[in-house]
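Summary of the model geometry
Listed below, chain by chain, are the residues.
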Amino acid sequence: MKKNLLVITPCYPDWEWLVIWDPFVKTQVDSISKYFNQVYIISPRPYWFWFLSKLFDVKPNLKYYSYNNIKVFYPSFFHLPIKYYREKLWDNQFITVDRLIKKNNLKFDIIHSHFTWPCGYIWVKLKEIYHKFLVITWHGTDIRNALKWNNLLMKNKLDYVLKKSDKIHTNHEELYDLLMKNYHKFRNKIIFTYKWINIDKFDKKNKKILKKWKSLISKLWINGKFNVLFIWNLNDFKDPMTFLSTAKLLREHNNFTFLIAWGWYLKEKVEEYVKFNKLSNVKILWERNDTNVLYSISNVFCAMSPYENIWSTTIQEAFCIWIPCIITNAWYTSKILHDKKDCLIVSAENPNETANKILEVYTNFQLVNEITNNLVEWRNRFDSNNLSKENYDKLYKK
């Protein structure tokens, strides 16, 4: 008999596909949902007055919606970016989520939380009330802040969450090693799996992609251009400014177009840089729900993080659609990926080196073919058709 799954995450697209941070949690949920009777998604959102919503460019009220066997909820709680409310953030979200569960009479057998803070903390408290099996997926900053960057407050929360969880899950080899090193006594409940990708969505032969591909090429006036792509949250961790500096170095190459998608903290800085430097070779696309089409029209994908790239969902998606990637050597990247085999590796924050690698991809067809042929193995590892049942067993079986 199939069970019901309850998922909590700070990021989940709404019914209009307003992208909240990153849709990667939705990709995972969509792939695994076939193994459940019902899946409930709870994505707590701070309540915003209309003038604050306009000031911070945040959509104030997200509507609940359903699709397939999945129901999505966006309970709101009052929050202000000041110390008092930051200290109360965990408990305020917990109260809001618990109230929603009771009000809607949600029945569930397993709890799965994405990110340790604050969602993992909320679910540990809910586990103590509902006595359900708890899985927490740790994605990056929630671990790095505590263990690598010595944030004592986060470390205390991390200790509490890890001790109370039934399964600790991560999609990153770096984080798996970090957890095993710092919490070896919990090694039996720490597991690693790759994030799984809907391969059909990233098939260049897909008729829907081909149709949108032709339309977007025409709309952007990039027919016959060599397109260089950057899809990330625009923050210092992802370093869009090195990408733009590279575009500036290659501005005289009329055949190159640099596409930058998504937004966040550095959105205005990106716009100002492009405008100030009159970079006509850069096209800013912002948040979109057709990233698979963006990959399909691009000749090379850039991952510029000076901190860590393994495993960004965007790199996985680029691999799955067989685009050669230029990736910085940050942290575990060079341990997992090999230069001129899986991708081209460059030094972080080095636009000159990145520009040279782009020129190499542009001119060296043999190298591009070798790299893309090697991506078949990675594509098979990420394929949700191969991984979903395996991950179900690893994650949800006691």
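A brief report on the enclosed structure follows. (Residues numbered from 1 in each chain as written. Predicted model: local features only at pLDDT ≥ 70, side-chain atom pairs only at ≥ 80, totals over all residues. Heavy atoms only, no water.)

**What to know about the overall build of the protein**
- Tallying secondary structure elements over the protein gives 16 helices and 16 strands in all.
- On the protein, roughly 18800 Å² of surface is accessible, and the fraction owed to carbon and sulfur atoms is 51%. (Helix = DSSP H or I, 4+ residues; strand = E, 2+ residues; numbered from the N terminus. Areas by Shrake-Rupley, 256 points an atom, 1.4 Å probe, with all protein chains shown as cover.)

**Overview of the sheet that holds strand S15 (residues 325-328)**
- The 6 strands are arranged S13-S12-S11-S14-S15-S16 in an open sheet whose pairing can be described as parallel. Single-partner strands in this sheet number two, and they are strand S13 (282-286) and strand S16 (344-346). Across the sheet, the mean angle separating the axes of adjacent strands is 25° when strand polarity is ignored.
- By the bridge criterion, 2 bridges tie strand S11 (residues 226-231) to strand S14 (residues 300-303) in an arrangement that is parallel. Bridging across to S14, Val228 finds its partner in Val300. (Pairing = 2+ DSSP bridges. Axes fitted to C-alpha atoms, helices over the stretch in contact; angles between N-to-C directions.)

**Here's the deal with the packing of aromatic side chains**
- Evaluated as defined, the whole model comprises 27 aromatic pairs.
- Measuring from centroid to centroid gives 5.0 Å for Phe226 and Tyr362, while their planes differ by 80°, and the two rings are edge-to-face. Here the residue Phe226 occupies a position in strand S11, and Tyr362 occupies one in helix H14 (residues 351-363), the gap between them amounting to 136 residues.
- Judged by its relative accessible area of 8%, Phe226 is buried.
- We classify Tyr362 as partly exposed; its relative accessible area is 31%.
- Pairwise contacts between aromatic rings join Phe192, Tyr194, Trp311, Phe319, Trp378 and Phe382 into one cluster.
- One Lys or Arg, Lys189, reaches over the ring of Phe186 and ends 4.7 Å from the middle of that ring. (Phe/Tyr/Trp six-rings, centres within 6.5 Å; stacked < 30°, edge-to-face > 60°. Buried < 20%, exposed > 50% of the residue type's maximum accessible area, 1.4 Å probe, protein only. Lys NZ or Arg CZ within 6 Å of the ring centre and 35° of its normal.)

**Section: H14**
- The first and last C-alpha atoms of H14 sit 18 Å apart over 13 residues, in line with the 18 Å expected at 1.5 Å per residue.
- Buried within H14 we find Pro351, Thr354, Ala355, Lys357, Ile358, Glu360 and Val361. (Expected span 1.5 Å × (residues − 1).)

**Topic: empty space enclosed by the protein**
- As enumerated under the stated definition, the model contains 2 cavities of 30 Å³ or more in all.
- Of the volumes computed, that of the largest cavity is approximately 50 Å³.
- Along the walls of the largest cavity sit Leu5, Val7, Gln28, Val29, Ile32, His112, His114, Trp196 and Tyr396, which together make up its complete lining.
- Among the elements of the structure, strand S1 (3-8), helix H1 (24-32) and strand S7 (110-114) are those that each provide at least two residues to the lining of the largest cavity.
- Per-element tally for the lining of the largest cavity: the top contributor is H1, with 3 residues. (1 Å grid on protein atoms, 1.4 Å probe; cavity = no way out; pocket = protein on both sides within 12 Å on 5 of 7 lines; lining within 4 Å. Points joined across faces, edges and corners; volume = space filled by probe spheres on them.)

**As for unusual backbone geometry**
- The step from Ile310 to Trp311 runs through a cis peptide bond, and the omega angle for that step is -15°.
- Positionally, Trp311 belongs in the loop between S14 and helix H12 (313-320).

**Observations concerning the environment of Lys167**
- Mapping Lys167 onto the fold places it in strand S9 (residues 167-170).
- Here Lys167 falls in the buried class, since its relative accessible area comes to 11%.
- On a C-alpha basis, the gap between Lys167 and Lys397 in space is 9.6 Å, while along the polypeptide they are 230 residues apart.
- Beyond its immediate chain neighbours, meaning those up to four positions away, Lys167 contacts Phe133, Leu134, Val135, Ile136, Lys189, Asp393, Lys394, Leu395 and Lys397.
- One polar contact links the side chain of Lys167 to the main-chain carbonyl oxygen of Lys394, over a distance of 2.6 Å.
- A polar contact is formed between the side chain of Lys167 and the backbone oxygen of Lys397, at a distance of 3.0 Å. (Contact = heavy atoms within 4.5 Å. Polar contact = N/O pair within 3.5 Å; in protein donor to acceptor, adjacent residues only side chain to side chain.)

**Concerning the pairing of S1**
- Taking burial as the measure, the 6 residues of S1 include 5 buried ones, the bulk of the element.
- Relative to strand S2 (residues 36-42), S1 is paired through 6 bridges, and the arrangement is parallel. Counted as the bridge partner of Lys3 is Phe36 from S2.
- Pairing of S1 with S7 involves 4 bridges; the strand directions are parallel.

**Section: the pattern of salt bridges**
- What the rule picks out here adds up to 7 salt bridges.
- Across the pair Glu377 and Arg381 runs a salt bridge whose closest N-O atoms are separated by 2.6 Å. Here Arg381 and Glu377 lie together in helix H15 (residues 365-382), a separation of 4 residues that amounts to about one turn.
- Exposure remark for Glu377: the relative accessible area of 47% places this residue in the partly exposed category.
- Each of Lys340, Lys357 and Glu360 takes part in salt bridges that share partners, so that together they form one network. (Salt bridge = Lys/Arg side-chain N within 4 Å of Asp/Glu carboxyl O.)

**Comments concerning the nonpolar core**
- With 67 residues, the main nonpolar core has Phe301, Trp311 and Phe319 as its most contacted residues.
- Ignoring anything within four residues of it in the chain, the contact list for Trp311 reads Asn171, His172, Glu173, Tyr194, Lys195, Gln316, Phe319, Ile336, Leu337, Trp378 and Phe382.
- Of all hydrophobic cores here, the second largest spans 32 residues; its members include Leu100, Leu106, Ile168 and Met180. (Core = buried A, V, L, I, M, F, W, Y, C linked by side-chain atoms within 4.5 Å.)

**Concerning the environment of Lys267**
- Positionally, Lys267 belongs in helix H10 (residues 267-276).
- Each C-alpha atom of the pair Lys267 and Pro240 lies 9.6 Å from the other, and the pair is 27 residues apart in sequence.

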